[in-house]
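Summary of structural features
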Amino acid sequence: MNATAAAVKVFVPRETTAVSVGADEVAAGVMAYGSRSGRDIELVRNGSWGMCWLEPLVEVVVGGERIAYGPVSPDDLDSLAAADFLAGGEHPLKLGPTAKIPWLEKQNRWTFKRCGRIDPLDLGDYRANGGFAGFEKALGLGAAGILEEVKASGLRGRGGAGFPTGIKWQTVADTPGEKKYIACNADEGDSGTFSDRLLMEGDPFALIEGMLIAGLAVGSDHGYVYLRSEYPLAHSIFLKALNLAREQGWLGTNIQGAGLDFDIELHLGAGSYVCGEETAMLESLEGKAGLIRYKPPLPAIEGLFGKPTVVNNVITLASVPEILSRGSEAYAALGTGRSRGTLPFQLAGNVRRGGLVETAFGLTLRQLIEDWGGGTYSGRKIRAVQIGGPLGAYFPTELLDTPLDYETFAELGGLIGHGGVVVFDNRVNMARQARFAMEFCAVESCGKCTPCRIGSVRGVEVIDRIVANENREANFQLLQELCDTMVDGSLCAMGGMTPYPVRSAVRYFRKDFEDDSVVQASAGVNE
Amino acid sequence: MPKTYDPSIATEIINGFGARPELLVQILHGFLDRYSYISEAAVRQIAEELNLSRADVHGVVSFYHDFRTTPAGKRVVRICQAEACQSMGSRELTEHAEKVLGIGMGNTTADGEVTLEPVYCLGNCACSPAVMVDHRVYGRVDNERFDRLVQAEGQ
């Protein structure tokens, strides 16, 4: 970009959600206005700050401060021009300084501290905003020091299982072997989740840096990123980031003269949900069908191609640089119980102000949904909230004061998972949602174990019989037993946790299974 | 019209991935990008060049939803069926799409213009319901927007 001193810096995200509601057209419109009016514009296609409800969010740098307007549609550009938005002029869509938008200001951003702020494909911008500070710290700490720091931080796997990251890394480090792998799980298939995508589109070098540190900690020179094919924009941005990192000596041999070798291969998934399970993902990375593996052996001991492998989610890996840079103590000071640090929650579905909220564990569902989310998008009453993706429980409004941490949710028969929160209004039919959970499991089961492969098909049939009032009580009993069998007998979380949404739907919304008229009656606007 | 299968181009795709059997899923993506589906001829040739059995390759093709085995229409329209989009009316949108296009999920219109497919999450869950047309995602798609998308993209 040949920006002159007088050029106005404008940010318009190149990020899936922003683009899905017109950011490319807005960016083109801004540039067209610039040339039409003879104003020099330096356009930056940043990542998203995660304020999805304000997308496309246009930011203009005025007097060194970023002033936000949003949501901007291409039709708004004429009136924005008339208001002289390039000088920060007043307009109904003006939100003021980005950093002061309460939705953002109230967050506690660690993993997402740069997302939205920087040009995702500018290594200079990355470094100027704290990038590679964690890596430099890691070089000083050495492998043993990194492992201690990660353990002390209390970081647990952000993909959903919540396993302590430091212990996993220690296991890989302690397992003898010439070749070890870092396999990053970017197969973010849970509905209601998009934090991996936001990070890979908005701050891809953070993931690369996290993987470098993991490689240093366990003695691996070879990383893989397994990205779902449903994320074409993340794919193209991350591929560019890998090439830039290679060109500028952050990947390859003798990285930054530190004598460290590490490179990353980017693989695409192919539309299979179960490949987000770590062993199925390893199979897929080996070019095979994504069938679950028996555990043990743990992937940390026998993983990719039989070698010791760190399998971590995008967010887990991308959190490490900031933890090292600011110190494990500061991270561990946040959160509650055994859930330490921050989690990037994702507010989705029927919610007025959806997006990414990174905050310490321990806030309540209500704070998240009401304070940040502002209630439903439709303006109707909330009826159910599903947390943790398609394998997560549905919570009724009576449970909205539940604090968000791993243990509390486990006690309630639910899970935090990857931090996705999907809001449903009072038009939802929960028998239908329970049926969908079983149906989805039937479609996505890898087929290796019977409880999942057959149980899910039977589950759909049993729910249909309950709804049709065929031996209703006996079939409710059968459904519970089927759920028990799936939980106890499945090889992985696919079959093992599909019963979570089903059981919660039966437990809290039994009426929906028993009488369709109840659902229809509650479908009216209650407010 | 789908591109005619060309064994020399197929070899090029396979060699582009170093003919490494562990890259089979990636190689199949290469075929999908080029031909929009995985043909019998492709399965045969991939098996031969990677020194795998046809059953091995077929097993991988049939496992993954992406690897369709019949040609796609000119455009592939995928409607998200997952929970976040359900909460914003994706079931009704799907019904509308099937009615407007006159086909069910997984099918292609008779004129070969549009293939309609389900997809389970596009990661656009804060601006649901989401639809993907070829490689581009659209958010907050109501019936009217869907009609405009299908028409506009067709020109």
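About the cut-offs
Residues numbered from 1 in each chain as written. Chains lettered and ligands numbered in written order. Predicted model: local features only at pLDDT ≥ 70, side-chain atom pairs only at ≥ 80, totals over all residues. Pairing = 2+ DSSP bridges. Helix = DSSP H or I, 4+ residues; strand = E, 2+ residues; numbered from the N terminus. Axes fitted to C-alpha atoms, helices over the stretch in contact; angles between N-to-C directions. Core = buried A, V, L, I, M, F, W, Y, C linked by C-beta atoms within 7 Å. Buried ≥ 20, exposed ≤ 12 C-beta atoms within 10 Å, placed from the backbone. Contact = placed C-beta atoms within 7 Å. Domains from an automatic or database assignment. Nonpolar A, V, L, I, M, F, W, Y, C, P; charged D, E, K, R; others polar. Right-handed = clockwise from strand over helix to strand, strands pointing away.

A few words now on the sheet that holds strand 16 (residues 420–425) of chain A. All names here are of chain A. Here we have five strands laid out as an open sheet, ordered 13-12-16-14-15, and mixed in their pairing. Both outer strands of the open sheet, strand 13 (355–360) and strand 15 (394–396), are each paired with one neighbouring strand and no more. On average, each strand axis in the sheet is inclined to that of its neighbour by 30°, with strand direction left out of account. Relative to strand 15, strand 14 (residues 382–387) runs antiparallel, the two sharing three bridges. Bridging across to strand 15, alanine 384 finds its partner in proline 396.

Our next topic: the nonpolar core. If you look at soluble globular proteins, the nonpolar side chains tend to sit buried side by side. Residues and elements named next belong to chain A. Of all hydrophobic cores here, the largest spans 212 residues; its most connected members are Ala183, Cys184 and Val385. Ranked by residue count, the leading element in this core is helix 9 (residues 204–218), at 11 residues. In this view, alanine 183 contacts Tyr224, Tyr226, Met281, Leu282, Leu285, Gly303, Leu304, Thr309, Val310 and Val311; residues no more than four positions away in its chain are not counted.

What follows concerns the domain arrangement of chain A. Residue and element names in this part refer to chain A. What the domain assignment lists for chain A is domain 1 (8–105), domain 2 (123–332), domain 3 (335–425) and domain 4 (430–521). Computed over C-alpha atoms, the centres of domain 2 and domain 4 are 35 Å apart. Across the contact, nine residues belong to domain 2 and eight residues belong to domain 4. Grouping the constituent residues of the side of domain 2 that touches domain 4 by class yields six nonpolar, two polar and one charged.

Residue and element names in this part refer to chain A. With five of six residues buried, strand 7 (residues 222–227) is to be regarded as a mostly interior element. Pairing between strand 7 and strand 8 (residues 263–268): six bridges, direction parallel. Pairing of valine 225 across the sheet is with leucine 266, part of strand 8. Assessed by its sense of winding, the connection that carries the chain from strand 7 through helix 10 (residues 232–247) to strand 8 is right-handed.

Another point: the sheet that holds strand 8 of chain A. Residues and elements named next belong to chain A. With parallel pairing, the four strands of this open sheet are ordered in space as 8-7-6-9. Each of the sheet's edge strands pairs with one partner strand only, and the pair in question is strand 8 and strand 9 (309–313). Here the strands of the sheet are splayed against their neighbours by 20° on average, with no regard to which way each runs.

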